[in-house]
Amino acid sequence: MKGLIIRSPWIEYILSGKKTWEIRGSNTKIRGTVYLIKSGSGQVYGTAEIVDCIELSLEQYQSAYNKHMIPSECLSQLPYKRTYAWVLDKAVLFNTPLEYKHPQGAVIWVNIEDK
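This structure is a prediction, so every number in the text was calculated from the model and none was measured. (Residues numbered from 1 in each chain as written. Predicted model: local features only at pLDDT ≥ 70, side-chain atom pairs only at ≥ 80, totals over all residues. Heavy atoms only, no water.)

A. Geometry of the overall build of the chain. Along the backbone of the chain there are 3 helices and 6 strands. Of the regular secondary structure in the chain, the N- to C-terminal order runs β-α-β-β-β-α-α-β-β. Expected size for 115 residues packed as a compact globule is a radius of gyration near 13 Å; at 14 Å, the chain falls within 12% of this value. The principal-axis extents of the C-alpha atoms in the chain amount to approximately 45 × 25 × 25 Å. Here the chain holds 115 residues, and 37% of them are scored as buried. For the chain, contacts bridging at least 24 residues in sequence account for 73% of all contacts bridging at least 6. Taking the average place of the 14 positive charges on the side chains of the chain and the average place of its 11 negative ones, the gap between the two points comes to 4 Å. (Helix = DSSP H or I, 4+ residues; strand = E, 2+ residues; numbered from the N terminus. Rg over C-alpha atoms; globule rule 2.2 N^0.38 Å. Buried < 20%, exposed > 50% of the residue type's maximum accessible area, 1.4 Å probe, protein only. Contact = heavy atoms within 4.5 Å. Lys, Arg positive; Asp, Glu negative; His and termini not counted. Charge placed at Lys NZ, Arg CZ, Asp CG, Glu CD.)

See the structure below:
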């Protein structure tokens, strides 16, 4: 299964159900359940389903705080030349994080074997 690497505090917002859009500078065609990896931790903290990917206009980005949780002082312009919302659903926080071996150079995705 794929593991998506996400920085703190965004991963905590996703796993608590507060954040349903992960803002990225690239499109994804991946759909379905993925592991959520806390950046720099070497641990998988939960799962979520990627259900859609939407290219955002500045207006959409600015009006969707409740979906992406990015502070208003950071919303004057899009963060990427082409900005996408990876739409997440059904986030699940694990009781105990799972260890995994992080491959050198991985910054967005990691392939993780199910155990």
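B. Representation of the sheet that holds strand E3 (residues 32-38) in the model. Read from one edge of the open sheet, 6 strands run E2-E5-E4-E3-E1-E6, paired in mixed fashion. Each edge of the open sheet is held by one strand with a lone partner, namely strand E2 (21-24) and strand E6 (109-111). Strand-to-strand twist of the sheet, defined as the mean angle between neighbouring strand axes without regard to direction, takes the value 40°. Where E2 lies against strand E5 (residues 84-99), 4 bridges are found, and the strand directions are antiparallel. Pairing of isoleucine 23 across the sheet is with alanine 85, part of E5. (Pairing = 2+ DSSP bridges. Axes fitted to C-alpha atoms, helices over the stretch in contact; angles between N-to-C directions.)

C. Examining the side chain of histidine 68 more closely. Relative to the assigned elements, histidine 68 resides in helix H3 (residues 65-68). Within the structure, histidine 68 has its side chain in polar contact with the backbone oxygen of tyrosine 61 (distance 2.7 Å). The residues contacting histidine 68, other than those within four sequence positions of it, are Trp10, Lys19, Trp21, Ile23, Tyr61 and Leu75. (Polar contact = N/O pair within 3.5 Å; in protein donor to acceptor, adjacent residues only side chain to side chain.)

D. Quick look at the pairing of E3. As judged from the 4 bridges shared by strand E1 (residues 2-6) and E3, these two strands associate in the parallel manner. Bridge pairing links isoleucine 6 to lysine 38 in E3. Strand direction decides the pairing type here: E3 and strand E4 (residues 43-55), joined by 7 bridges, are antiparallel. The partner of glycine 32 across the bridge, within E4, is isoleucine 50.

E. Region of the structure containing the packing of aromatic side chains. Per the stated rule, a full pass over the model turns up 3 aromatic pairs. Considering the side-chain rings of tryptophan 10 and tyrosine 13, the 5.8 Å spacing of their centres and the 65° angle between planes classify their relative orientation as edge-to-face. Taken as a pair, tryptophan 10 and tyrosine 13 lie in helix H1 (residues 10-15) at a separation of 3 residues, close to a single helical turn. Given the relative accessible area of 26%, tyrosine 13 is considered partly exposed. Taking the centre distance of 6.4 Å and the plane angle of 75° together, the rings of tyrosine 35 and phenylalanine 94 count as edge-to-face. (Phe/Tyr/Trp six-rings, centres within 6.5 Å; stacked < 30°, edge-to-face > 60°.)

F. Layout of the side chain of threonine 28. In this structure, threonine 28 sits in the loop between E2 and E3. Here isoleucine 30 takes part through its backbone nitrogen, which lies 3.1 Å from a polar atom of the side chain of threonine 28. If we skip the residues at most four places from it in the chain, threonine 28 touches Ile50, Cys53, Trp86 and Trp109.

G. Just the nonpolar core, in detail. Counting 13 residues, the largest nonpolar core has Leu4, Ile6, Leu36 and Trp86 as the members making the most contacts within it. Of all the secondary-structure elements, those providing two or more residues to this core are E1, H1, E3, E4 and E5. Counting 9 residues, the second-largest nonpolar core is a separate cluster that includes Leu56, Ala64, Ile70 and Val87. (Core = buried A, V, L, I, M, F, W, Y, C linked by side-chain atoms within 4.5 Å.)

In short, shape yes, function no, at least from these values alone.
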